[in-house]
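Per-entry structural report
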Protein chains: 2
Amino acid sequence: MRATVFHGPRDMRVDHVPDAALSASTDALVRVTHACVCGSDLWPYRGELLIYGPPGGRTGHEFIGIVEAVGADVQTIRPGDAVVAPFAFSDGTCEFCNEGLHTSCLNGGYWGGQRDGGQGEAVRVPMADGTLVALPPDVDLGDDDLAARIAPLTDVVCTGHHAARSAGVSEGATVVVVGDGAVGLCGVLAAHRLGAERIIIMGRHENRLAVARGFGATDEVHERGPAAVARVHELTGGGAPHVLECVGTAAALDTAIAVARPGGTVGQVGVPSEAVDLMDAYNRNIALTGGVAPARAYLQELVEAVLAGSFDPSPVLDLVVPLADIAEGYAAMDERRAIKALVKVASA
Amino acid sequence: MRATVFHGPRDMRVDHVPDAALSASTDALVRVTHACVCGSDLWPYRGELLIYGPPGGRTGHEFIGIVEAVGADVQTIRPGDAVVAPFAFSDGTCEFCNEGLHTSCLNGGYWGGQRDGGQGEAVRVPMADGTLVALPPDVDLGDDDLAARIAPLTDVVCTGHHAARSAGVSEGATVVVVGDGAVGLCGVLAAHRLGAERIIIMGRHENRLAVARGFGATDEVHERGPAAVARVHELTGGGAPHVLECVGTAAALDTAIAVARPGGTVGQVGVPSEAVDLMDAYNRNIALTGGVAPARAYLQELVEAVLAGSFDPSPVLDLVVPLADIAEGYAAMDERRAIKALVKVASA
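Residues numbered from 1 in each chain as written. Chains lettered and ligands numbered in written order. Predicted model: local features only at pLDDT ≥ 70, side-chain atom pairs only at ≥ 80, totals over all residues. Heavy atoms only, no water.

**Looking at the relation of the copies chain A and chain B**
You can overlay chain A on chain B at an RMSD of 0.0 Å; the transform is a turn of 180° with a shift of 0.0 Å along its axis. Here the two chains are linked by the operation of a two-fold rotation axis. A share of 100% of the interface residues of chain A reappears at the interface of chain B, consistent with the copies meeting face to face through the same patch. (Least-squares fit on C-alpha atoms with pLDDT ≥ 70 in both. Contact = heavy atoms within 4.5 Å.)

**Focus on helix 7 (residues 206–215) of chain B**
All names here are of chain B. Of all the residues in helix 7, the buried ones are Arg208, Leu209, Val211, Ala212 and Phe215. The buried residues of helix 7 occupy an angular sector of 155° when the element is viewed end-on, so they sit on one face. As for helix 7, its buried residues are in contact with helix 6 (182–193), strand 11 (198–202) and strand 12 (219–221). One or two steps after helix 7, the chain reaches glycine 216, where phi turns positive at roughly 120°. (Buried < 20%, exposed > 50% of the residue type's maximum accessible area, 1.4 Å probe, protein only. Helix = DSSP H or I, 4+ residues; strand = E, 2+ residues; numbered from the N terminus. Arc of directions from axis to C-beta.)

**What about the interface of chain A and chain B?**
Every contact between the two is made by 33 residues of chain A and, on the other side, 33 residues of chain B. Between chain A and chain B, the buried area comes to about 2,600 Å², and carbon and sulfur atoms account for 59% of it. Three residues, Arg261(A), Tyr282(A) and Asn285(A), lead the burial of chain A against chain B; their summed loss comes to 25% of the area buried on that side. Run the count over chain A and chain B and you get four salt bridges. Note that Glu95(B) is salt-bridged to Arg261(A), the shortest N-O span being 2.6 Å. The tally of links from chain A across to chain B stands at 16 residue pairs in polar contact (both at pLDDT 80 or more). Contributions of two or more residues to the side of chain A that touches chain B are made by helix 2 (95–98), strand 14 (260–268), helix 10 (279–283) and strand 15 (287–290) of chain A. Residues that form the side of chain A that touches chain B fall into these classes: 17 nonpolar, 11 polar and five charged. (Buried area = accessible area lost by both parts, 1.4 Å probe. Salt bridge = Lys/Arg side-chain N within 4 Å of Asp/Glu carboxyl O. Polar contact = N/O pair within 3.5 Å; in protein donor to acceptor, adjacent residues only side chain to side chain. Nonpolar A, V, L, I, M, F, W, Y, C, P; charged D, E, K, R; others polar.)

**Structural notes on the packing of aromatic side chains**
Taken as a whole, this structure holds eight aromatic pairs over all chains when the rule is applied. Every member of this aromatic cluster is reached through a ring pair, and the members are Phe63(A), Phe89(A) and Trp111(A). (Phe/Tyr/Trp six-rings, centres within 6.5 Å; stacked < 30°, edge-to-face > 60°.)

**As for the confidence of the model for chain A**
Confidence along chain A averages 97 in pLDDT terms, with 100% of residues attaining 70 or more. The ipTM for the predicted assembly is 0.96, set against a pTM of 0.96. (pLDDT = per-residue confidence, 0-100.)

**A word on the side chain of His102(A)**
All names here are of chain A. For histidine 102, the position within the fold is in the loop between helix 2 and strand 7 (109–110). Since its relative accessible area comes to 13%, histidine 102 is described here as buried. Ignoring any residue separated from it by four or fewer positions in sequence, one finds histidine 102 in contact with Ser90, Phe96, Cys97, Pro294, Arg296 and Ala297.

**Comments concerning the pairing of strand 2 (residues 11–16) of chain A**
All names here are of chain A. Strand direction decides the pairing type here: strand 1 (residues 2–8) and strand 2, joined by six bridges, are antiparallel. By the bridge assignment, valine 5 is partnered in strand 2 with arginine 13. The antiparallel pairing of strand 1 with strand 2 creates a hairpin that spans two residues between the two strands, and arginine 10 there sits at a positive phi of about 55°. (Pairing = 2+ DSSP bridges.)

**A word on the environment of Cys158(A)**
Residues and elements named next belong to chain A. Here cysteine 158 shows up in helix 5 (residues 156–166). For cysteine 158, a relative accessible area of 0% translates into the label buried. Taking the C-alpha atoms as reference points, cysteine 158 and glycine 100, 58 residues apart in sequence, are found 13 Å from one another. Residues contacting cysteine 158, with those up to four places away along its chain left out, are Leu153, Ala293, Ala295, Tyr298, Leu299 and Leu302.

**Some details on unusual backbone geometry**
Positive phi is not limited to glycine here, since Arg336(A) has a value of about 60°. Along the chain, Arg336(A) turns up in the loop between helix 12 (326–334) and strand 17 (341–344). Despite not being glycine, Arg10(B) has its phi angle at roughly 55°, a positive value. When you line up the elements, Arg10(B) lands in the loop between strand 1 (2–8) and strand 2 (11–16).

**Looking at the packing of helix 5 (residues 156–166) of chain B against helix 6 of chain B**
All names here are of chain B. Put simply, helix 5 and helix 6 touch, their axes get as near as 7 Å, and they point 60° apart. Overall, the two elements helix 5 and helix 6 adopt an arrangement that is oblique. Of the two elements, helix 5 crosses helix 6, and the hand of that crossing is right-handed. Facing helix 5, whose interface residues are Val156, Val157, Thr159, Gly160, His161 and Ala164, helix 6 presents Ala182, Val183, Cys186, Gly187, Ala190, Ala191 and Arg193. Grouping the amino acids of the contact of helix 5 with helix 6 by side-chain chemistry returns eight nonpolar, four polar and one charged. (Axes fitted to C-alpha atoms, helices over the stretch in contact; angles between N-to-C directions. Parallel < 35°, antiparallel > 145°, perpendicular 65-115°, else oblique. Left-handed = near helix turned anticlockwise from the far one by under 90°.)

**Concerning the domain arrangement of chain A**
Residues and elements named next belong to chain A. For chain A, the assigned domains are domain 1 (2–155 + 294–344) and domain 2 (157–290). Placing a centre on the C-alpha atoms of domain 1 and another on those of domain 2 gives a separation of 26 Å. Here domain 1 packs against domain 2, burying approximately 1,800 Å² in sum over the two surfaces, 69% of which is carbon and sulfur. With its nearest N and O atoms 3.8 Å apart, the salt bridge here joins glutamate 301 to arginine 193. (Domains from an automatic or database assignment.)

**Some remarks on the pattern of salt bridges**
For the coordinates displayed, the defined rule picks out 38 salt bridges over all chains. Across the salt bridge formed by Glu99(B) and Arg261(A), the nearest N and O atoms sit 2.9 Å from each other. Of this pair, Glu99(B) sits in the loop between helix 2 (95–98) and strand 7 (109–110) while Arg261(A) sits in strand 14, on two different chains. Accessibility expressed as a relative area gives 15% for Arg261(A), which makes it buried. The partner of Glu328(A) in a salt bridge is Arg337(A), with the nearest N and O atoms 3.0 Å apart. Given the relative accessible area of 47%, Arg337(A) is considered partly exposed. Taken together, the shared-partner salt bridges in this structure form one network comprising Arg10(A), Arg46(A) and Asp334(A).

**Considering the pairing of strand 13 (residues 240–245) of chain A**
Looking along a regular strand, one sees the side chains alternate between the two faces of the sheet. Residue and element names in this part refer to chain A. Most of strand 13 sits inside the fold, with five of its six residues counted as buried. Where strand 10 (residues 174–178) lies against strand 13, four bridges are found, and the strand directions are parallel. Among the inter-strand pairings, valine 175 is bridged to a residue of strand 13, identified as histidine 242. As paired elements, strand 13 and strand 14 share five bridges and run parallel to each other. When the sheet's bridge partners are listed, histidine 242 is paired in strand 14 with threonine 265.

**What to know about the side chain of Arg284(B)**
Here Arg284(B) is to be found in the loop between helix 10 (279–283) and strand 15 (287–290). Polar contacts involving the side chain of Arg284(B) include one to the side chain of Asp280(B), which spans 2.8 Å. When neighbours within four sequence positions are excluded, Arg284(B) is seen to be in contact with Leu101(A), Ser104(A), Ile257(B), Ala258(B), Ala260(B), Arg261(B), Pro262(B) and Gly263(B).

**What about the packing of helix 6 of chain B against helix 7 of chain B?**
Residues and elements named next belong to chain B. Contact pair helix 6 / helix 7: the axes reach a minimum separation of 8 Å and the direction vectors enclose 15°. Taken together, the axis directions place helix 6 and helix 7 in an arrangement best described as roughly parallel. With respect to the hand of their crossing, helix 6 and helix 7 are arranged in right-handed fashion. Across the interface between the two elements, Leu185, Val188, Leu189 and His192 from helix 6 touch Arg208, Val211, Ala212 and Phe215 from helix 7.

In C-alpha cells form, the structure reads like this:
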C-alpha cells in the first residue's frame, strides 16, 4: 500500500510499504478515506520534535475510513462500518479509560512511527472496540463535505474541547484563547458550545480570525507581547478567569498566564516544547490544567453533535490535497498558506 | 527601635532604625513579641532572590504581637489586643479578598523592604481590620510555648494548608509531600487534618521525618531522584492523585509531577525559582495548582483550631533565639542545623 513516511526534515514522501494487516484478535483493519495534517506533524517536518521517531517512521494520527476486516474478538465494530479514530488508541476498559483519561490508557499508544500512520491507505487499529467510534450506517464518507466535518474530530476539535473543559469554561464565562491555529479555533468553537458569553481570541491572521468569528469569538486582540496582555486586561477588567493555551511555546504559555485573572485557570493543550517560568502563575494562583486530550472520551458526543448539525468544524480545513500531494499540505501549513490540510486518500 | 536589616548575603544585622508609627487612619501599630525566620528569608541571605529588595531593606514577614495603637478608622482591632499577622497585608474588602484570594488583594502587599519587616520590635500594619486576626483576651503571648504554637500560623501552616487544599486533598486521600522543610511538614499536618488516609513524605533528614510522623505521615521515601519516584509508584500503585510541592526548585517540581498519578493534581507552594519542563505534566494531564498562599483566608479557622488544641504546629520551630542573635537563626537554618527559628523579640 502507499503511506506517508518521514524521510527527514521537509521530506515527507508517499512510499510503497507493506500492506496493513490484522495481527491481534482485537484489531480492526481500516481503509483510510481521509486524513489530516496536524500542527504537531510540522515538528518532525521542521526537524524539531520527532514525534514519529527517526527517519523511516510513518506519519499521521488523524484519519477516518471504512473498516475492511476485524479480528475474532472485536465485538462492536464490523466490516463496512464508517469509523472515526481518535489520535491515540486505547483499550476502553482500564482504570484510566474508565475515568475518561484514555490518553493514559495502560495499554494504549499513538499512531505512526513503527506502527501504521493515519496518512496512508490503511491502518491496523489495535483494540478496535476501545479505540474506534462507528458512524451511523447512513453516513457516506464518499461525501467529501461531510468527511471534512467529521475529520477534525480525530484531534483538533477534541483538543479544543479539552482545553475549554480543563479551563472550567461554563455558561456565561469570559474566555481568552491564545493561538489562532486549528486548535485555537476549535477552542473558540468549544467555548462557544459550552456557553461562554465572551470569547476573546488573540491572533493576527485575518483568514483565521474570520473562522474564529464564525465559531463564536466576540473579541479579537491583534497586538503582540505586553501590548496584547494589556489589551486583554483592559477588555476584561483585569484578566480572564478561563484561558485556553493552544500553541505550546514558552511565549504562548507566558501570555496565557499573564492574561489570566488571579485565581484563574489555564487549560493548556499546546505541547509545552520549552521550559517555562511559573513565577507569575505562582504569585497570582493561576492553575495550569489540561494536557494531551483524551479525544476518545469526547468523541461519541462530538460526533453526534456534528451529525445533528449543531456545529461544523470544517472551516479549519482550508486546503484539500490527494495523498500523492501530501507534501504540499505540509508545505502550505508550514508556510501558513493553509490553516490545516485535509488529505483525500481514497473514495469510500 | 531595633529591626533586622539585610546588608548583603550572609549579613543580616539588628540595627537601630526609626520607630514604627501610625501613618494612615486604617493602620495599627503592633509591638512584635515573636517573629520567625522563613525558608524564603534564606534566599536574600544566600544572595539568591532578593525578596526584601537591595541591601538596606528590612526583613521578616512572620510576626505576632500586641497592638499598641490604632488609627481613627480601625474598627475591629484595639490597643492591647494580641494579634497574628499573615505574611501579606490585605484590605479584606476587594473582589479578591471576598473570593478568599487575599494575596491578590488590590490594595495589598508584603512586609519588609522599604516597609517595616516582621523581624523588628514594631510594625506599622496597613489596613489593620483586613489584615490582622485578634486572639481571644485570655491568650497570653508572654507564654513562649503558646506563642510557638501560634507563630507558625503566620505563614508555614497556612502555606501547607493551601498546598493540600489546592491539591484537592480530602477524606481518605492518598497524598505525597515533596519536601521536608517547615512547609512540607505543615503540608503533612494539613493533609492529616483534611482526612488523608495515606501521607507519604519524601525526605532524608531523620529529625524532620520524626516531626512528619508526629504530624501524621504514614510512609517515608528516603531515596532521591528516579529511585524515589519509583518507590512512590511502588507504594501507590502508579502514582498519587494528590501531591504537595513544598520546595520550589525545578528538581522538586519534576519529582512532584513524576510521582503524580495521570490526571492527578500538584498543589505547588514552593516558590518556583527555576524554569520547569511541563512535558510530563502535559503527557499525563497533571494539573498544577496552588501558588502564594492566601494566609488571611485560612487564619481565623486555623487559629481557632490551634487554640482549641486540635493541632500543634510548634514542632517545626526547633530553635529559639533572641532578636539580638537572629543572625544565628539564619545561619542554623542555612546550615540545616535547625528546621525553623523562633525569634523572641519582646516580652508580652
